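Residue-level structure breakdown
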Amino acid sequence: MGEMIAIPVEEYRDLRRAAEELADLRTFDQAKAAMARGEDEQVPADIARRLIAGETPLRVWRDFRGLTQQRLSVASGVNRVQIANIESGTARGSVATLVKLADALGIAVDDLV
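This text gives an overview of the structure that appears in the document. Nothing here was measured: the structure is a model prediction, and the numbers come from that model.

A word on the overall build of the protein chain
From N to C terminus, the protein chain includes six helices and zero strands. Element order for the protein chain, N to C, with α for helix and β for strand: α-α-α-α-α-α. The globule rule puts the C-alpha radius of gyration for 113 residues at 13 Å, and the 22 Å found for the protein chain is more than 25% above it. Oriented by its inertia axes, the alpha-carbon framework of the protein chain measures out at about 70 × 30 × 30 Å. Going through the 113 residues of the protein chain one by one, you find that 21% of them count as buried.

Structure below.
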């Protein structure tokens, strides 16, 4: 069966808590390092609230980046009317279109759906 060590239950629980705290600290350090490398960014609370409230993600991210529909159209190669339709909810946009928009906004496609 292999070697075994017996320790008091409370000591075991303390060790588990310490291991969980260490894992949390490592995750925090990784997130901070990703932000420092420019791989991740903080999103202001008002942007998060707009997304949670159900506002069209494309409009929220476009506003956050300070772009007009026309400037996003030029940057992404997607027709401005198509952008307006996606933002109003009258169109969804193909995967290829969403990829272009996400690339132009510097976000993941998942952030638009």
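Description of the packing of helix H3 (residues 57-65) against helix H5 (residues 80-88)
Direction vectors running N to C along H3 and H5 enclose 115°, while the axes themselves pass 7 Å from each other. For the pair formed by H3 and H5, the contact residues are Leu-58, Arg-59 and Arg-62 on the first element and Ile-83, Ile-86, Glu-87 and Ser-88 on the second. Taken together, the residues that form the contact of H3 with H5 break down as three nonpolar, one polar and three charged.

Some remarks on the pattern of salt bridges
With the rule as written, the count across this model stands at 11 salt bridges. With a shortest N-O distance of 3.9 Å, Arg-13 and Glu-10 are connected by a salt bridge. Here Glu-10 and Arg-13 lie together in helix H1 (residues 9-36), a separation of three residues that amounts to about one turn. Since its relative accessible area comes to 44%, Glu-10 is described here as partly exposed.

A closer look at the packing of helix H4 (residues 69-76) against helix H6 (residues 95-105)
As a packed pair, H4 and H6 sit with axes 9 Å apart at the nearest point and diverge in direction by 105°. As the angle between them shows, H4 and H6 are arranged roughly perpendicular. Residue-level inspection shows Leu-72, Ala-75 and Ser-76 of H4 in contact with H6, the latter providing Lys-100, Leu-101, Ala-104 and Leu-105. Class assignment for the residues of the contact of H4 with H6 results in five nonpolar, one polar and one charged.

Definitions and cut-offs
- Residues numbered from 1 in each chain as written.
- Predicted model: local features only at pLDDT ≥ 70, side-chain atom pairs only at ≥ 80, totals over all residues.
- Heavy atoms only, no water.
- Helix = DSSP H or I, 4+ residues; strand = E, 2+ residues; numbered from the N terminus.
- Rg over C-alpha atoms; globule rule 2.2 N^0.38 Å.
- Buried < 20%, exposed > 50% of the residue type's maximum accessible area, 1.4 Å probe, protein only.
- Axes fitted to C-alpha atoms, helices over the stretch in contact; angles between N-to-C directions.
- Contact = heavy atoms within 4.5 Å.
- Nonpolar A, V, L, I, M, F, W, Y, C, P; charged D, E, K, R; others polar.
- Salt bridge = Lys/Arg side-chain N within 4 Å of Asp/Glu carboxyl O.
- Parallel < 35°, antiparallel > 145°, perpendicular 65-115°, else oblique.

Honestly, it's all geometry; don't read function into it.
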